[in-house]
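Next come the chains, spelled out residue by residue.
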Amino acid sequence: MATQNANTALTHATSRIDFQNELQYQASINFFRSMCKKGILSEEECTIIDTKLCEKYHPSLGMLFSADRLTS
């Protein structure tokens, strides 16, 4: 059986960054979602914000709920 050597420190660091990005995305999206529900932001502004947040944080879990992230 072959043994595969992997850099577990790099994998752990990448996982930590992914997790932090996901947390920051979720916190941001929740804040802006509440502003959208209150009518402070328009639907167009919500769509723009959502796009920018996805570009910035590259959330993996957040993208699973992509249909109505801010307006639902």
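Source: prediction; values computed, not measured. (Residues numbered from 1 in each chain as written. Predicted model: local features only at pLDDT ≥ 70, side-chain atom pairs only at ≥ 80, totals over all residues. Heavy atoms only, no water.)

Asker: For the overall build of the chain, give the residues involved together with the corresponding values.
Answerer: Scanning the chain from terminus to terminus reveals two helices and zero strands. Looking at the chain residue by residue over its 72 residues, the buried ones come to 24%. Excluding contacts between residues fewer than 6 apart, the proportion of contacts in the chain whose partners are at least 24 apart in sequence is 67%. Carbon and sulfur atoms provide 57% of the accessible area of the chain, an area that totals close to 5,600 Å². (Helix = DSSP H or I, 4+ residues; strand = E, 2+ residues; numbered from the N terminus. Buried < 20%, exposed > 50% of the residue type's maximum accessible area, 1.4 Å probe, protein only. Contact = heavy atoms within 4.5 Å. Areas by Shrake-Rupley, 256 points an atom, 1.4 Å probe, with all protein chains shown as cover.)

Asker: Provide a residue-level description of the nonpolar core, including the pertinent values.
Answerer: By size, the foremost hydrophobic cluster in this structure holds 10 residues: Tyr-25, Ile-29, Met-35, Cys-36, Leu-41, Cys-46, Ile-49, Leu-53, Cys-54 and Tyr-57. At five residues, helix H2 (residues 43-57) tops the list of elements feeding residues into this core. (Core = buried A, V, L, I, M, F, W, Y, C linked by side-chain atoms within 4.5 Å.)

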